[in-house]
Amino acid sequence: MTVLGFLARTMGKTGMVKPSSLVKPVALTRIPGRYLAHQESLPKLPVPPLKQTCDRYLAALEPIVDSEMLKHTQELVMVFQAQGGVGERLQKGLEHRARKTENWLSDWWLQTAYLDYRLPVVIHSSPGVVLPRLEFSDRQGQIRYAAKLIAGVLDFKSMIDNETLPVEYLGGKMLCMNQYYQVLSSCRIPGIKSDSVVNYALNKKRPPSHITVVHNYQFFVLDVYNSDGTPLTVDQLYIQLEKIWNSSLQTNKEPIGILTSNHRNSWGKAYANLIKDKTNKESVRAIQKSIFTVCLDAPMPRVSDEMYRTRAAVQMLHGGGSRWNSGNRWFDKTLQFIIGEDGTCGVIYEHAPAEGPPIVALIDHVVEYTKKSEMVRTPMVPLPMPQKLRFNITPEIKRDIEEAKQNMNIMVHDLDMKAIVFPHFGKNVPKSYKMSPDAFIQVGLQLAYYRTYKRCCATYESASLRMFKLGRTDTIRSATSDSANFVKAMDDPIKQNSEKVALLEKAVKAHRAYTDMAIRGQAIDRHLLGLKLQAIEDLSALPDIFMDTSYAVANHYNLSTSQVPAKTDCVMCFGPVVPDGYGVCYNPMEEHINFAVSAFNSCADTNAARMAQALEDALVDMKTLLDQTPKAKL
Ligand code: COA
């Protein structure tokens, strides 16, 4: 792995920052420019004290490394943080950086976790969202829903344009709203060694007024505003989409979009070649500049009701392979809404510009909008035919497409996914025991993993840093000494239930305490990363603590997890971040929990369905333990 490789693999998978009780939307009055005033009032991300991070790092290692490794690391840490030592020097460098930048971390993070990351964005970086299945199963239903959805996104966009988005709060503190301004009209651009991300609307005199629609691998530019600046109505959109549908009936087209699924270096090279042609360049620009993309997908193979969510999840993540809908995408596009002819709907988004929160808030808004909006026939002027984007396919481009198809099919076969509804309870049960539901679920995950592997592993949970200006995420390390004590005791027949309950409570509290520390900018991972990047800038060699096996173990996240709560009964999904790991995303509703668990088939030791089952059993067993232990004893 490269110096920064672990970062990319361990970057924050999407989690949602809208815990409804904590994030209290406060309507802003419609004063343009208010956004800036709000942003200016946010505090800067702090640089935690060096000693605090060193102590907490050693504590975090306890459950996941053996005592010999720990002892060695303790010695390295002691040298690192000694007075006048290298740690102090790097800390000063970081503090200096923090003084002279808006956010000492955000540019580094964007670059190292996303833009320098060279694995395909598909599965390895871009999360998908599965929406509840819709009632339609034909072209008309598909187009009608697409029209409503587009109108819903434009309705949300008007709040962004007018700077009237309600400010969100977490733990009583205002959150940074910057990410909302990054998700529309933006696109990742491939490079040969590193990518970039461009927003075509911010500070532009003429922001884009079109979206792109892709059907049967053919891309169209659809202007979504009338000449007077009003958005097209649902009715108008329906007619335009119908025109697109009818002029893209042929299915034998080259799936040009599949190029975007390739390894970033390969795609970077293919991209340079693709846009040498003027027509191709203009077509690519039109996609990149569009406000968002709508993918009208062909139906996927039918599956049983039980398998439906899992199949929908893979459709969102990768499109099903080159025979199916993987070519019906532009994976570099920040936001793509997927609407299948069979009623399967969802989203895939490119992670570089934003975390899940703005995406899921937008989805919640759009889903509500589609329920309300009806198609009202109104007299209207005929609209021009949406422009079909042309591509000249040279033999070299054709070769690149074939290579991308093959690689995509390998990835498709390798992804092992299981999306389930945990039906037994939701946030209600932990709350009734006065426990944080998120912490309860995370401890459940620790139990499921321990039961399966008889060990604890480095575990990543995303924590929001949006209390700070331009804040992104830090890591909640869910494997703690307290969680280890509980999972080891849980199946120990010698232990009394009352003792197990006490250990469970302690583990849940420890997790919640870690969460509070993380969202206040005092977690260890981004700080350690900052010290490491500072060392890369300032020193000729990396300090020993970053070359240490413990550091590698700590950053090998066998469990990469994220809570993505939404009002909509949806589930977000993403791939594992290490070859022998799991990606686990969940949306805890009041009385049930939606989970998506992923793994790789190429790893003999992992199995998504088995882990999903272990998780279900763990959560049920934890509830039973609490139920069976009389309150007096708690
Ligand atoms: N007793 C009773 N109820 C409790 C409780 C307790 N001890 N602790 C928490 N609750 C309640 C909360 O009030 C809340 O109530 P609500 O359902 O009415 O909203 C609910 O339980 C959920 O709280 P909790 O489970 O503790 O989680 P959280 O909502 O605070 O979320 C994180 C925790 C880590 C997910 C959140 O802080 C976070 O950072 N999210 C952002 C993640 C992110 O940015 N991801 C992006 C990655 S790309």
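For the structure, check the block above.
Keep in mind the model is a prediction, meaning the values are calculated, not measured.

> Is there a simple way to explain the overall build of the protein chain in this structure?
Along its length, the protein chain carries 21 helices and 18 strands. Here the protein chain has a C-alpha radius of gyration of 25 Å; the compact-globule value for 634 residues is 26 Å, and the two agree. Projected onto the principal axes, the alpha-carbon positions of the protein chain cover approximately 75 × 60 × 55 Å. Residue pairs in contact within the protein chain that sit at least 24 positions apart in sequence constitute 77% of those at least 6 positions apart. For the protein chain, the accessible area works out to roughly 24,800 Å², and carbon and sulfur atoms hold 54% of it. Where the 75 positive side-chain charges of the protein chain centre and where its 65 negative ones centre are 4 Å apart.

> Before we go on, may I ask you to explain helix H5 (residues 86–100) in this structure?
An α-helix turns once every 3.6 residues. As a result, residues three or four positions apart point the same way. Taking 1.5 Å per residue as the helical rise, H5 with its 15 residues ought to reach 21 Å, and the 22 Å between its terminal C-alpha atoms agrees with that figure. Within H5, burial applies to Gly87, Leu90, Gln91, Gly93, Leu94, Arg97 and Ala98. Taken around the axis of H5, the buried residues stretch over an arc of 160 degrees, which confines them to a single face. Exposed and oriented more than 90 degrees from the buried face of H5 are Lys92, Arg99 and Lys100. Residues of H5 that are buried sit in contact with helix H3 (50–61), helix H4 (67–81), helix H6 (106–115) and helix H18 (525–538).

> Any chance you could explain the sheet that holds strand S15 (residues 559–563) here in plain terms?
In a beta sheet, neighbouring strands are held together by backbone hydrogen bonds and run either parallel or antiparallel to one another. Strand order across the open sheet formed by 6 strands is S12-S18-S17-S15-S13-S14, with mixed pairing between neighbours. In this open sheet, the two edge strands, each paired with only one partner strand, are strand S12 (415–422) and strand S14 (473–477). Averaged over all pairs of adjacent strands, the angle between strand axes in this sheet comes to 20 degrees, irrespective of strand direction. Sheet topology note: the S12/strand S18 (residues 593–600) ladder contains 8 bridges and is antiparallel. Paired with Leu415 across the bridge in S18 is Phe600. The strands touched by H18 within the sheet are strand S13 (459–464) and S14, with S14 carrying the most contacts at an inclination of about 120 degrees. Across the face of the sheet, helix H21 (residues 608–628) comes into contact with S12, strand S17 (582–588) and S18 while running at roughly 25 degrees to S12.

> Whenever I open this one, the packing of aromatic side chains confuses me. Can you help?
Each aromatic ring pair is characterised by the separation of its centres together with the angle its planes make. In total, this model carries 17 aromatic pairs according to the counting rule given. Both rings, one in Tyr57 and one in Tyr551, keep their centres 6.3 Å apart while their planes meet at 70 degrees; by these two values the pair is edge-to-face. A residue pair is termed long-range when its members are at least 10 positions apart, and Tyr57 in helix H3 and Tyr551 in helix H20 (residues 549–554) qualify at 494 residues. For the pair formed by Tyr57 and Tyr551, the shared burial category is buried.

> Would you mind going over the nonpolar core with me for this structure?
In globular proteins that are soluble, nonpolar side chains generally tend to be buried together. Grouped together as the largest cluster of nonpolar side chains are 58 residues, with contacts concentrated most on Ile150, Ile211, Phe292, Leu335 and Ile339. Examining the composition of this core, we find that 12 residues originate from one element, helix H7 (residues 139–161), more than from any other. Membership of the second largest hydrophobic core comes to 54 residues, among which are Leu61, Val65, Ala98 and Leu175.

> Explain unusual backbone geometry here, please?
A negative phi angle is the norm for most residues apart from glycine, just as the trans form is the norm for most peptide bonds. For Ile123, which is not glycine, the phi torsion reads 70 degrees and is therefore positive. As for its placement among the helices and strands, Ile123 is situated in the loop between H6 and strand S1 (128–130). On the accessibility criterion, Ile123 (1% relative accessible area) is buried. Despite not being glycine, Glu163 shows a phi value in the positive range, around 55 degrees. In this structure, Glu163 sits in the loop between H7 and strand S2 (169–170).

> I keep staring at the pattern of salt bridges and nothing clicks. Help me out?
Opposite charge on two side chains permits pairing when their charged atoms draw close. Enumeration over the complete set of coordinates arrives at 30 salt bridges. The residue Asp297 makes a salt bridge to Arg329 at a minimum N-O spacing of 2.8 Å. With Asp297 in strand S8 (residues 293–297) and Arg329 in the loop between helix H11 (305–318) and strand S9 (335–340), this pair connects stretches of sequence that are 32 residues apart. Here Asp297 falls in the buried class, since its relative accessible area comes to 0%. According to the relative accessible area criterion, Arg329 is buried, its value standing at 0%. A network of salt bridges, in which partner residues are shared, links Arg118, Arg188, Asp195, Arg264, Asp332 and Glu350.

> Would you explain the pairing of strand S6 (residues 210–215) in this entry?
Every other side chain in a regular strand lies on the same face of the sheet, so the side chains alternate between the two faces. Across the 6 residues of S6, 6 count as buried, placing the element largely inside the fold. Because side chains alternate across S6, one face comprises the buried residues His210, Thr212 and Val214, and the other comprises Ile211, Val213 and His215, equally buried. Pairing between S6 and strand S7 (residues 218–223): 6 bridges, direction antiparallel. Looking at the pairing, Val214 lines up with Phe219 of S7. With antiparallel pairing between neighbouring strands as the criterion, S6 and S7 make up a hairpin whose turn holds 2 residues, including Asn216 at a positive phi of roughly 50 degrees. As defined by bridge partners, S6 adjoins S8 across 4 bridges and the pair is classed as parallel. Bridged to Val214 within S8 is Cys295.

> For this particular structure, what's the right way to read the packing of helix H9 (residues 264–274) against helix H13 (residues 395–414)?
Each pair of packed helices can be described by the angle between their axes along with the distance between the axes. At a closest axis distance of 10 Å, the pairing of H9 and H13 adopts a crossing angle of 155 degrees. The orientation of H9 with respect to H13, classified from their angle, is roughly antiparallel. Viewed along their axes, H9 and H13 form a crossing whose handedness is left-handed. Taking contact as the criterion, the partners of Ser266, Ala270, Asn273 and Leu274 in H9 are, on H13, Glu396, Ile397, Asp400 and Glu403. When grouped by side-chain class, the residues that make up the contact of H9 with H13 number 3 nonpolar, 2 polar and 3 charged.

The rules behind the values
Each chain has its residues counted from 1, following the order in which its sequence is written. Local features in a predicted model are, by the rule used here, given only for residues with pLDDT of at least 70; side-chain atom pairs are given and counted only at 80 or more, and totals for whole chains, interfaces and linings are based on all residues. Note that the side-chain values use all heavy atoms of the structure and ignore hydrogens as well as water. Counting from the N terminus, the helices are DSSP H or I runs at least four residues long and the strands are E runs at least two residues long. Here the globule rule is a power law, 2.2 Å times the number of residues to the power 0.38, and the radius of gyration is based on C-alpha atoms. Working rule for contacts: check all heavy atoms of both residues, and any pair within 4.5 Å makes them a contact. Accessible surface is estimated by sampling points in the Shrake-Rupley manner with a 1.4 Å probe; for residues, cover comes only from the protein chains shown. Only four residue types enter the charge count, namely Lys and Arg as positive and Asp and Glu as negative; His and the chain termini do not. Charge positions are represented by NZ for Lys, CZ for Arg, CG for Asp and CD for Glu. A helix is expected to span 1.5 Å multiplied by its residue count minus one. Throughout, exposure labels follow a simple rule: accessible area from a 1.4 Å probe, protein chains only, divided by the maximum for the residue type, with under 20% read as buried, over 50% as exposed, and the rest as partly exposed. Directions from the helix axis toward the C-beta atoms define the arc. Here, any two strands with at least 2 DSSP bridges between them count as paired. Here the axes come from fitting lines to C-alpha atoms, over the contacting stretch only for helices, and the angles between their N-to-C directions go from 0 to 180 degrees. In this analysis, rings of Phe, Tyr and Trp, with Trp reduced to its six-membered ring, are considered paired at centre separations within 6.5 Å, and the interplanar angle assigns stacked below 30 degrees, edge-to-face beyond 60, and tilted for intermediate values. Only buried residues count toward a nonpolar core, which is a set of Ala, Val, Leu, Ile, Met, Phe, Trp, Tyr and Cys residues joined through side-chain atoms within 4.5 Å. Take a side-chain nitrogen of Lys or Arg and a carboxyl oxygen of Asp or Glu: if they are within 4 Å of each other, that pair is a salt bridge. Reported orientations rely on four angle classes, namely roughly parallel under 35 degrees, roughly antiparallel over 145, roughly perpendicular from 65 to 115, and oblique for the rest. Note on convention: the crossing is left-handed when the near helix lies turned anticlockwise from the far helix by less than a right angle, right-handed when the turn is clockwise. For this scheme, ten residues count as nonpolar: Ala, Val, Leu, Ile, Met, Phe, Trp, Tyr, Cys and Pro. Four count as charged, namely Asp, Glu, Lys and Arg, and the remainder, Gly too, count as polar.

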